[in-house]
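# Examining the three-dimensional arrangement
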Amino acid sequence: MNLRTFKHGIHPADGKALSANEAIRDFRPTGEMVYPLNQHIGAPAQPVVAVGDPVLVGQTLAQPGGFVSAAICSAASGTVKAIELRRTVSGKEALSIVIENDGQYTPMPGVGERRDYTALSGQQILDIIRDAGIVGQGGAGFPTHVKLTMKEGVQPETIILNAAECEPYLTSDYRLLIEKTDRVLEGLQVVLQIFPQAQAVIGIEANKPEAIRLLTEKTAALPHISVQVLKTKYPQGGERMLIHAVTGRDIHSGKLPIDAGCVVLNVSTVMSIRAAVCRGIPQIAAIMTVTGEGAASPCNVSVPVGTSHRELLAFAGGLKGEPEKLISGGPLMGVAMVSLDVPVLKTSSAILAMPEDEVARWEPTACIRCGRCLRACPEFLVPPMMAHAADNGDLGAFEKVNGMECIECGCCTYVCPAKRRLTQSFRTAKTAVNAKRRAAAAKK
Ligand code: SF4
Ligand code: SF4
């Protein structure tokens, strides 16, 4: 079969067999729960509770701090213990609401109650999504109600469900697709209730035959939802790669998916939409894979947001000996963890326990101009030129060689025989350029 895909990319060992057959387990931690107020793109959330207040499961702890922001709700019942700086997965500190967990998980009235989404208007659904604090679970945490709010006269033609899960080792989306197929499809239908003219396409890599079978079977009677099987290749789940594979259209960093007529949503995000709209449950859980050759019992877990990574890892069976390297997320786009005493966020997808890898052990050497990174880059960039600019702190030159088009996928770093830490330096340079642009805009 000639499967749709994008150009370039890589085929890393996927490591998914470690956890793909492990059903999602529910976890109810008993330790304190920590909620950083900036776990999304946009303005930090504003606390609406004070130290000493009792809280219930689903209760709003913080309201959005602006239109591009997200509410934060409690995943546990207990008492507000502190509002203070706490370290997060990134290693930085953020103002956080800390809950003394009573272990009872007493819900707010209405949380978990069924609601008929077909009786709701598009605006009512958007309001529920906003109040539920839903953010995209595939990456940076963009508030979903903002993504789904269209400019006057603009409507998407295609809602793409990103079921690629192309990042090695991660299997939580795959488990949702085969264990909760009906709920995923109901979530998509909720989105179609907002955009009744749109068609939904489920973009899924060919390496998930059981999920493809179930989705194909269950969408046969749903005329507005279809399944598009895609070639298995990293980063097939990147937004631009997925839009290209499904529609043949291309966008760059100055454009949004809606400029190609698309809205792209992840499997977990659609599950969160369904939970909020159909069951009154805000975004208070992350479905995570705890895996890697260093994990004692690789598995998939539904984890209350705010849980300590240390407590989650203990629940999941711990590590085989001393960890050599712990990553939050997958091996290509995840971040190295400096501590396990940091909370699970809405955007958390995995704890990956890896043996020390070659890239980390080897010292980078000079570029040998082999061109492998150019052949791997899905954005057709020239990583050695970007690296030269970024490493010299020349942000103007970095922008000139289109460095801001980098999606930080890690393909160039993966293939580089000189073990150059390319993606890391592009991430730093992009952050600096964005800060420079913000400062310039603030002066205007
Ligand atoms: S990290 Fe950036 S430069 Fe490297 S392959 Fe990905 S998009 Fe290209
Ligand atoms: S893959 Fe590494 S060594 Fe080869 S051209 Fe790119 S940066 Fe240079």
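These lines cover the structure that appears in this document, whether it is placed above or below. (Residues numbered from 1 in each chain as written. Chains lettered and ligands numbered in written order. Predicted model: local features only at pLDDT ≥ 70, side-chain atom pairs only at ≥ 80, totals over all residues. Heavy atoms only, no water.)

Of note, the amide linkage connecting Tyr234 to Pro235 takes the cis form, showing an omega dihedral of -5°. Tracing the chain through its elements places Pro235 in the loop between β11 (225-230) and α6 (239-247). With phi around 40°, Glu165 is a residue other than glycine that occupies positive phi space. Tracing the sequence through the fold places Glu165 in the loop between β9 (158-163) and α3 (172-179). Phi is positive for Lys419, close to 55°, though the residue is something other than glycine. Relative to the helices and strands, Lys419 is located in the loop between α13 (411-415) and α14 (422-443). (Helix = DSSP H or I, 4+ residues; strand = E, 2+ residues; numbered from the N terminus.)

Next up on the list: the site of ligand 2. Every residue lining ligand 2 is accounted for by Cys367, Ile368, Arg369, Cys370, Gly371, Cys373, Pro384, Cys416, Pro417, Ala418, Arg420 and Leu422. Class assignment of the residues belonging to the shell around ligand 2 gives a composition of nine nonpolar, one polar and two charged. (Near = heavy atom within 4 Å. Nonpolar A, V, L, I, M, F, W, Y, C, P; charged D, E, K, R; others polar.)

This part takes up the sheet that holds strand β12 (residues 262-266). One open sheet holds the four strands; their spatial order is β11-β10-β9-β12, and the pairing between them is parallel. Only two strands of the sheet have a single partner each, and these edge strands are β11 and β12. If you compare each strand with its neighbour and ignore which way they point, the axes differ by 25° on average. As paired strands, β9 and β12 are joined by five bridges and run parallel to one another. Residue pairing across strands places Asn162 opposite Asn266, the latter belonging to β12. Across the sheet, α6 lies against β9, β10 (199-205), β11 and β12, angled at about 120° from β12, the strand it touches most. Along the sheet face, helix α7 (residues 267-279) touches β9 and β12 and points at about 85° away from the line of β12. (Pairing = 2+ DSSP bridges. Axes fitted to C-alpha atoms, helices over the stretch in contact; angles between N-to-C directions. Contact = heavy atoms within 4.5 Å.)

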